[in-house]
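A structural walkthrough
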Amino acid sequence: MTRAQRDEVETATQDPATDVCIASEYLAQLKAESSFTDVPAEETTRAQYEELAARYNGGLGRQTEDAQADGRGFG
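Residues numbered from 1 in each chain as written. Predicted model: local features only at pLDDT ≥ 70, side-chain atom pairs only at ≥ 80, totals over all residues. Heavy atoms only, no water.

Time to look at the packing of aromatic side chains. Across all of its chains, the model carries 1 aromatic pair by this definition. Consider the rings of Tyr26 and Tyr56, whose centres lie 5.4 Å apart with planes at 45°: the pair is tilted. Placement of Tyr26 in helix 2 (residues 16-32) and of Tyr56 in helix 3 (residues 46-58) is noted, with a sequence separation of 30 residues between them. On the accessibility criterion, Tyr26 (29% relative accessible area) is partly exposed. Of the residues examined, Tyr56 reaches a relative accessible area of 34% and is grouped as partly exposed. (Phe/Tyr/Trp six-rings, centres within 6.5 Å; stacked < 30°, edge-to-face > 60°. Helix = DSSP H or I, 4+ residues; strand = E, 2+ residues; numbered from the N terminus. Buried < 20%, exposed > 50% of the residue type's maximum accessible area, 1.4 Å probe, protein only.)

What follows is the structure, given as structure tokens:
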């Protein structure tokens, strides 16, 4: 990501409505990349939600203990 792109994202996240849209798109992307992409929300398990939380909060470092702890704390 270029500095200009990063600045644009940082600016966009200052607006709560835009921030929610960015977060929801990112969560949808993470779920689409998961092994449970076709599981409806009402059938998603706690472990699957925890995995999404760890991915969301941990990014590429989602296997770190901090990211996993964030995932376990979800709910």
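From this point, the discussion proceeds with the structure in view.
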